Amino acid sequence: MTTIRDLLDRGRTLSFEFFPPKTHEAQAKLRATVDLLEKADPDFVSVTYGAGGTTRESTRETVLDLLEHRSFPAMPHLTCVGHSYAEIQDLIDDYQAHGVHNMLALAGDPPEDGSPNPGDFRYALELVEALREHSDMSIGVAAFPEVHPRSESRASDRSRLAEKLNAADFGITQFFFDPSDYFCMIDELDSLGCNTPVIPGVIPVINPKSVRRFAGMNGSAVDEALWARLDAADDPDERLEVAVDAAVSQIQTLLDGGAPGVHIYTLNQVDATVRISERIDIR
Ligand code: FAD
């Protein structure tokens, strides 16, 4: 049994995030993508979960398929908002029975229309506690270097995060572009007595328009100088090179500053992630 907790104890980790495919065609494409990304030798991969359970089956199928056919661990994401305790317990039992040893425990976002939360959970910490009670999984949680957009204040966000990380085994961050946001968060956590490893999440900007939109939703500041270089690129190949150079430089700064690994938001694409993995000195 390989847990991410053990991997982090041994050294820096390289991990890739995927979203679950919606169609059989997309499923075949993801398998081909993973075939190519396997050569980059990831320590683990993770698969996102649609808030409220919208990808419950496809996340599960993708994770179990990866676990069966690949040598590295696959970690499902699970969001708790909108689920009942009984549903969460069933999901945990099912994953445990199928040999899943790692889980990224998230709150997820409340319904967009402002309707009351129909489930039993409000915050990710409650899911961490349920996982501790019903499983022996290695548990990861989300961290926001630039502070979660729904936080009451920076101080309250950091103390909630420290409490959640102390209950979990590791964190993975939302994407960000300025390494100092990550180092500042680590210092603030340290001053709260929290030293749980937090893996920085890095997104290669292969689609500037959609990354800008995601950044707006997550409260992440975009690097306008990078966007200007991407806009000035003459063709898609040059734009890819600009995106890869920026991600490599960000990752190298993070690793040099002591980050315990790097988690790449692949957006289910091969080229950028392969090129980045070839150029970073992670091990
Ligand atoms: P929490 O840790 O619960 O925090 C949410 C907010 O509540 C924060 O502002 C926090 O400060 C505050 N808070 C926490 N506890 C309390 C308390 N007791 N009282 C008052 N305030 C409190 N979303 C998906 O839908 N699917 C995914 O697969 C997914 N994967 C993700 C992966 C990563 C690495 C990251 C960083 C995010 C991911 N998300 C995903 C997004 C995430 O679900 C949302 O950002 C969600 O809004 C917050 O989730 P959380 O787990 O950080 O919540």
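Above this text sits the structure in question.
Note that this is a predicted model, so its numbers are computed, not measured.

About the cut-offs
- Residues numbered from 1 in each chain as written.
- Predicted model: local features only at pLDDT ≥ 70, side-chain atom pairs only at ≥ 80, totals over all residues.
- Heavy atoms only, no water.
- Axes fitted to C-alpha atoms, helices over the stretch in contact; angles between N-to-C directions.
- Helix = DSSP H or I, 4+ residues; strand = E, 2+ residues; numbered from the N terminus.
- Parallel < 35°, antiparallel > 145°, perpendicular 65-115°, else oblique.
- Left-handed = near helix turned anticlockwise from the far one by under 90°.
- Contact = heavy atoms within 4.5 Å.
- Nonpolar A, V, L, I, M, F, W, Y, C, P; charged D, E, K, R; others polar.
- Near = heavy atom within 4 Å.
- Polar contact = N/O pair within 3.5 Å; in protein donor to acceptor, adjacent residues only side chain to side chain.
- Areas by Shrake-Rupley, 256 points an atom, 1.4 Å probe, with all protein chains shown as cover.

Caption draft 1: A look at the packing of helix α5 (residues 124-134) against helix α6 (residues 154-167). For the pair α5 and α6, the least separation of the axes is 10 Å and the interaxial angle reads 10°. On the basis of the axis angle, α5 is roughly parallel to α6. In terms of crossing hand, the pair formed by α5 and α6 is left-handed. On α6, the residues touching Ala124, Leu125, Val128 and Arg132 of α5 are Glu163, Lys164 and Ala167. For the contact of α5 with α6, a count of residues per class yields four nonpolar, no polar and three charged.

Caption draft 2: Here's a closer look at the site of the ligand. The full set close to the ligand counts 25 residues, and Tyr49, Asp109, Ser151, Asp157 and Lys164 are the nearest of them. Taking Ala107, its main chain carries an N or O atom lying 2.9 Å from an oxygen atom of the ligand. Note that an oxygen atom of the ligand is positioned 2.8 Å from one of the side-chain N or O atoms of Asp157. Calculation on the ligand without its partners gives an accessible area of 980 Å², and the protein chains cover 85% of this total. Broken down by secondary-structure element, the contributors of at least two residues to the shell around the ligand are β3 (74-79), β4 (102-106), α6 and β6 (170-175). Across the shell around the ligand, the residue classes tally to 11 nonpolar, eight polar and six charged.

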